[in-house]
Amino acid sequence: SIILVGFVAYGVGRDDGTKIERASWQKKEIIRTEAEKLAVIEADRKNKIQEQERDRALKIEREKHESEKSTLQAKYQKLIDDSRANRISGGLRVPKTICTEFAKGVENSSTSGTLETETARLPREVEEGLYRFAEDRDQIILDFESFKQEVRISKCFAE
């Protein structure tokens, strides 16, 4: 009977120790899991702050780019308008030495005697074609530069 009591006491004590150890391990596991959750929440908060800052910086950069683009567009349009005004007064002219056969049949109206004797005015259709070509080229360049700026702003590729 003493031996039986010893075995029972040993078994009860052993079960209590296992239960205490398991409870301790579970408590540590809960604390570790909660710490990991808090770390993930904090990292997410920091990522959101960084994302908001990046979005603000991108917005400012895009607004700056649009402002610069508008300024350049206005300057370009003024240049086109001024050159067309000049074209009306004297037209686009080429040196007569470039194409003497071509120069025989074209207008020679000019306000300057030297300009008139040394150059020939291009036909109006050719002038308009050249201006349209220049405008198309300039628009393509403007679109390409805008695209490059957008790629640079969004950091799609390394510079």
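Computed from a prediction, not measured in an experiment: that's the story for all the values here.

Criteria and cut-off values
- Residues numbered from 1 in each chain as written.
- Predicted model: local features only at pLDDT ≥ 70, side-chain atom pairs only at ≥ 80, totals over all residues.
- Heavy atoms only, no water.
- Helix = DSSP H or I, 4+ residues; strand = E, 2+ residues; numbered from the N terminus.
- Buried < 20%, exposed > 50% of the residue type's maximum accessible area, 1.4 Å probe, protein only.
- Contact = heavy atoms within 4.5 Å.
- Areas by Shrake-Rupley, 256 points an atom, 1.4 Å probe, with all protein chains shown as cover.
- Salt bridge = Lys/Arg side-chain N within 4 Å of Asp/Glu carboxyl O.
- 1 Å grid on protein atoms, 1.4 Å probe; cavity = no way out; pocket = protein on both sides within 12 Å on 5 of 7 lines; lining within 4 Å.
- Points joined across faces, edges and corners; volume = space filled by probe spheres on them.
- Nonpolar A, V, L, I, M, F, W, Y, C, P; charged D, E, K, R; others polar.
- Expected span 1.5 Å × (residues − 1).

So, the overall build of the protein chain
A tally of helices and strands in the protein chain yields four helices and two strands. Beginning at the N terminus, the succession of helices and strands in the protein chain can be written as α-β-α-α-β-α. The burial tally for the protein chain puts 15% of its 159 residues in the buried class. Relative to all contacts within the protein chain whose residues are 6 or more apart in sequence, the contacts with residues 24 or more apart total 59%. With the model as given, the accessible surface of the protein chain reaches about 12900 Å², and the carbon-plus-sulfur share is 61%.

Section: the environment of Gln77
Mapping Gln77 onto the fold places it in helix α1 (residues 2-90). Owing to a relative accessible area of 37%, Gln77 belongs among the partly exposed residues under this scheme. For the pair Gln77 and Glu135, spaced 58 residues apart in sequence, the C-alpha to C-alpha distance is 9.8 Å.

Considering the pattern of salt bridges
Applying the stated rule across the entire model yields eight salt bridges. With a closest N to O distance of 2.3 Å, Arg32 and Glu29 form a salt bridge. Taken together, the residues span about one helical turn, with Arg32 and Glu29 both in helix α1 at a distance of three residues. Judged by its relative accessible area of 39%, Arg32 is partly exposed. Glu29 gets classed as partly exposed once you look at its relative accessible area, which sits at 26%.

What to know about the layout of surface pockets
One number sums up the size of the largest pocket: a volume of about 260 Å³. The wall of the largest pocket is formed by 13 residues, among which Lys69, Leu72, Gln73, Leu142 and Glu145 lie closest to the centre. If you list the elements that add at least two residues to the lining of the largest pocket, you get α1 and α4 (124-154). Among the elements that take part in the lining of the largest pocket, α4 stands out by supplying seven residues, more than any other. Tallied by class, the residues present in the lining of the largest pocket amount to four nonpolar, five polar and four charged. When its volume is computed, the second largest pocket comes out at roughly 150 Å³. Of all elements in the fold, only α1 and α4 reach the threshold of two or more residues within the lining of the second largest pocket.

Topic: α4
With 31 residues, α4 extends 45 Å between its outermost C-alpha atoms, agreeing within 8% with the 45 Å of an ideal straight helix rising 1.5 Å per residue. Among the residues of α4, those classed as buried are Glu127, Tyr131, Ala134, Asp138, Leu142, Ser146, Gln149, Val151 and Ile153.

Quick look at the side chain of Ser146
Within the secondary structure, Ser146 is located in helix α4. Here Ser146 falls in the buried class, since its relative accessible area comes to 15%. Once residues within four sequence positions are removed from consideration, Ser146 is found in contact with His65 and Lys69.

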